Amino acid sequence: MKETFISYIWFNKLFFEHQQTLMGENVEIVSPGIPNNDAGPDVFNAKVRIDGRLWAGNVEFHVRASDWHLHKHDEDKNYQHIILHVVLEADEQIVTMDNKPIPTIELKYPEFILKNYTELTKVPFGCDSSISRIDKLHLVAWLERLAIERLETKVENIEEVVNRSTTDWDQVLYVLLARAIGTNVNGEAMQQLAMAVPLRYLRHLSDNQLQIEAILLGTAGLIERLPNTYNKDVYWREYRFLKNKFGLCEPLGLFRFSRMRPANFPTTKIIKLASMVRDLPAVETLIKDEGLNVEILIEKPVLQLINCYLPCIFLYARMHNYDELKEKVIDMMHTLPPERNFITRHFQARGISAHNAAESQALIQLFRKYCEMHNCLQCRFAHELINKRK
């Protein structure tokens, strides 16, 4: 059992109304307060009534009361004014530095919640056998939220680019494209490459495909990894000239080749990026009257729309507080066909099918950020299952 379970019970108000301290005082939890994700007590600004007297302040969680000493709170002044100590096992009455008892409750809650939670988390993907029983309304609402969360996750990776230059949205689009082409294995390395060789440098090279390939491959440190069918001497000559011209950094050396087919080699991906850069549209042409220029977007490959163009527009809308434009991005995701991969097949076999790109992206987010990470207590599906009486 972990403190996250106590937090789940506490903030979802799943505890019994009547609680009692170890010293026999009646406790009413008026407000659970605000979770603290940084250092310090677990809860800020909670309100509890102890024997009729209202207290406002911080609350601390522990599986066992004695964990107070294990975490060295008895030596920390930040924990000396806790209004309530909430534990699952009250094996000790905790006191302050000046020997005053800290009100402590052994949290009481319905037994079926612990039983459901234990069954759900005892094996990976513990909800597999019951997830298809989720209420349809809850299913749709959570998938919608997950689709937005997935978009937010994508743009979080490139906010550094926006912070450097909030006006160069074409560079943001270029970085997103590079990251998408790199996929999971080399996505981060491709992003670093796109930031090391900005789009404005490549546009100076006009339509010289060889120079664009040379500057990217050279900065990546991959000219020598090209197949022998390429004239590497020519690439080296062009790269050295362009490196001096633009004052580029030393080769990155971040790319991985292990367990890949040649089609997925980073050299192949970089050459693909070089060919696409010349036709990369300006972001301003993708937005029309705070809406989407569908005529241009619909010509792009579906995966590029999902992983590059729409996330870029979504971030643009967020940075400019264009809520309607954000909604248009989500709407377009619902018009695109779903991705077919092992994750969507995993959920399809369990009764949840993706009918469009928004739903397939939602299922990917669910799998990656909740199922694989065992974040069941943050998942609305798990919440429904944990709270079901059998």
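The sections below set out a description of the structure shown in this document. Here the structure is a predicted model, which is why all the values come from computation and not from measurement. (Residues numbered from 1 in each chain as written. Predicted model: local features only at pLDDT ≥ 70, side-chain atom pairs only at ≥ 80, totals over all residues. Heavy atoms only, no water.)

## Considering the nonpolar core
Next up, step 1: Counting 122 residues, the largest nonpolar core has W10, Y174, L216, L366 and F381 as the members making the most contacts within it.
Next up, step 2: Ranked by the residues each element gives to this core, the list is headed by helix α6 (residues 169–196), at 14 residues.
Next up, step 3: Counting residues in each nonpolar core, the second largest holds 7 residues, with A65, W68, I94 and I102 among its members. (Core = buried A, V, L, I, M, F, W, Y, C linked by side-chain atoms within 4.5 Å. Buried < 20%, exposed > 50% of the residue type's maximum accessible area, 1.4 Å probe, protein only. Helix = DSSP H or I, 4+ residues; strand = E, 2+ residues; numbered from the N terminus.)

## Brief notes about the packing of aromatic side chains
Next up, step 1: Under the counting rule described, the total for this entry stands at 15 aromatic pairs.
Next up, step 2: Between W10 and F15, the aromatic rings sit 5.8 Å apart at their centres with planes inclined by 45 degrees, giving tilted as the arrangement.
Next up, step 3: Classification of W10 by relative accessible area gives buried; the value is 0%.
Next up, step 4: Ring centres of W169 and Y316 lie 5.1 Å apart, and the angle between their planes is 75 degrees; on these two criteria the pair is classed as edge-to-face. Residue W169 is located in helix α6, and its partner Y316 is located in helix α12 (residues 302–319); the two are separated by 147 residues in the primary sequence.
Next up, step 5: The positively charged end of R225 is found above the aromatic ring belonging to F257, 3.8 Å away from the centroid. (Phe/Tyr/Trp six-rings, centres within 6.5 Å; stacked < 30°, edge-to-face > 60°. Lys NZ or Arg CZ within 6 Å of the ring centre and 35° of its normal.)

## With respect to a negative patch on the surface
Next up, step 1: Taken together, the side chains of E144, D323, E327 and D331 define an acidic patch exposed on the protein surface.
Next up, step 2: The element best represented in the negative patch is helix α13 (residues 323–335), accounting for 3 residues.
Next up, step 3: Summarising the element assignment, E144 is placed in helix α4 (residues 136–156).
Next up, step 4: Judged by its relative accessible area of 30%, E144 falls in the partly exposed class. (Patch = residues over 30% accessible without salt bridge, like charges linked within 9 Å, V, L, I, M, F, W, Y side chains within 5 Å. Areas by Shrake-Rupley, 256 points an atom, 1.4 Å probe, with all protein chains shown as cover. Salt bridge = Lys/Arg side-chain N within 4 Å of Asp/Glu carboxyl O. Lys, Arg positive; Asp, Glu negative; His and termini not counted. Charge placed at Lys NZ, Arg CZ, Asp CG, Glu CD.)

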